[in-house]
Amino acid sequence: MESKITFVKGDITLQDTDAIVNAANSSLLGGGGVDGAIHRAAGPKLDEECRKIGGCPTGQAVITTGGNLKAKYVIHTVGPVWHGGTLNEPDLLASCYINSLKLADENGIKTIAFPSISTGAYGYPVEQAAHIAVKTVSDYLKNNIAIEEVRFVLFSDRDYQVYVKAYKELK
Ligand code: ADP
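Worth saying up front: this structure is predicted, and the values here are computed from it rather than measured.

**Q** Mind laying out the packing of aromatic side chains, listing which residues take part and the relevant values?
**A** Geometry of an aromatic ring pair is reported as the spacing of the ring centres plus the angle between the planes. By the definition in use, this model includes 7 aromatic pairs. With a centroid separation of 5.3 Å and 50 degrees between ring planes, the pair formed by Phe7 and Tyr167 is classed as tilted. Taken together, the residues Phe7 in strand S1 (residues 5–9) and Tyr167 in helix H5 (residues 157–170) connect sequence positions 160 residues apart. A relative accessible area of 12% means that Tyr167 is categorised as buried. Within the aromatic cluster, the residues linked to one another by ring pairs are Phe7, Tyr97, Phe114, Phe152, Tyr163 and Tyr167.

**Q** Can you lay out helix H4 (residues 126–142) for me, pointing to particular residues and giving the numbers?
**A** Between its terminal C-alpha atoms H4 stretches 24 Å, which fits the 24 Å expected from 17 residues at 1.5 Å a residue. Of the residues making up H4, those classed as buried are Val126, Ala129, Ala130, Ile132, Ala133, Val134, Thr136, Val137, Ser138, Tyr140 and Leu141. In this fold, the buried residues of H4 make contact with S1, helix H3 (89–106), strand S6 (149–154) and H5.

**Q** Got a sec to walk through the sheet that holds strand S5 (residues 111–114)? Specific residues and values, please.
**A** One open sheet holds the 6 strands; their spatial order is S1-S6-S5-S2-S4-S3, and the pairing between them is mixed. The strands lining the two open edges of the sheet, one partner per strand, are S1 and strand S3 (61–65). Within the sheet, the average angular offset between the axes of one strand and its neighbour, ignoring direction, is 25 degrees. As paired strands, strand S2 (residues 19–24) and S5 are joined by 2 bridges and run parallel to one another.

**Q** If you had to explain the state of the cysteines to someone new, which residues and values would you point to?
**A** What makes a disulfide is a covalent bond joining the sulfur atoms belonging to two cysteines. In this structure the tally under the stated criterion is 0 disulfides. For Cys50, which is in no disulfide, the shortest distance to another cysteine sulfur is to Cys56 and amounts to 9.6 Å. Cys96 supplies the cysteine sulfur nearest to Cys56, a cysteine that is in no disulfide, at a spacing of 8.1 Å.

**Q** Kindly report on the pattern of salt bridges, identifying the contributing residues and their values.
**A** Enumeration over the complete set of coordinates arrives at 9 salt bridges. Taking the shortest distance from any N to any O, the salt bridge between Lys142 and Asp139 comes out at 3.1 Å. On the criterion of helical spacing, the pair formed by Lys142 and Asp139 is a turn pair, its members being 3 residues apart in helix H4. A relative accessible area of 61% means that Lys142 is categorised as exposed. By relative accessible area, Asp139 is classed as partly exposed at 30%. Residues Lys165 and Glu169 are paired through a salt bridge, measuring 3.1 Å at the closest nitrogen-oxygen approach. Here the residue Lys165 and the residue Glu169 both occupy positions in helix H5, the gap between them amounting to 4 residues, near one helical turn. Summarising the burial analysis for this pair, Lys165 and Glu169 share the class exposed. Where salt bridges share partners, they join Asp16, Glu149 and Arg151 into one cluster.

Thresholds, definitions, all that
Residues numbered from 1 in each chain as written. Predicted model: local features only at pLDDT ≥ 70, side-chain atom pairs only at ≥ 80, totals over all residues. Heavy atoms only, no water. Phe/Tyr/Trp six-rings, centres within 6.5 Å; stacked < 30°, edge-to-face > 60°. Helix = DSSP H or I, 4+ residues; strand = E, 2+ residues; numbered from the N terminus. Buried < 20%, exposed > 50% of the residue type's maximum accessible area, 1.4 Å probe, protein only. Expected span 1.5 Å × (residues − 1). Contact = heavy atoms within 4.5 Å. Pairing = 2+ DSSP bridges. Axes fitted to C-alpha atoms, helices over the stretch in contact; angles between N-to-C directions. Disulfide = S-S within 2.5 Å. Salt bridge = Lys/Arg side-chain N within 4 Å of Asp/Glu carboxyl O.

In structure tokens, the structure reads:
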């Protein structure tokens, strides 16, 4: 069977999946990086929905509509800040992927795009983050028949290569 996990180099705001995932901060009020790009592309409705939700703890996820995006939903998850790996960063990062996928399931989302959570401003080493991302998603999909595609959208050639390699190494 063809894999449900795919990799593209590109801009997550342009994806045509049912949902895109935002690497948000715990205030949900928008920031730099992928968060800023998603808020700009989605428009003010996203800010308003996020303000109503009020915030989100690290490792958890919340859902809003997609505003002006092609995607119907945005799932906002808060990745851990890298402090060297001794503050539960791996489990918190895995929780981001699991809780996002659970929310997708609960909302009938069949296709979902993830950015490389925590590896920008939050400083998580990308090789380690990529391994956790692809392993967690792959394990989740073993017990799930509803989700049809999980697309990793990587912003640089290097990140794309790191994620594809991490996935090959799982097998
Ligand atoms: P974090 O705070 O979780 O580290 P960042 O937004 O700083 O989040 O970075 C996460 C990743 O998202 C980085 O690899 C960054 O290059 C990437 N990124 C930034 N803009 C976009 C975009 N428009 N689409 C996809 N990925 C993006």
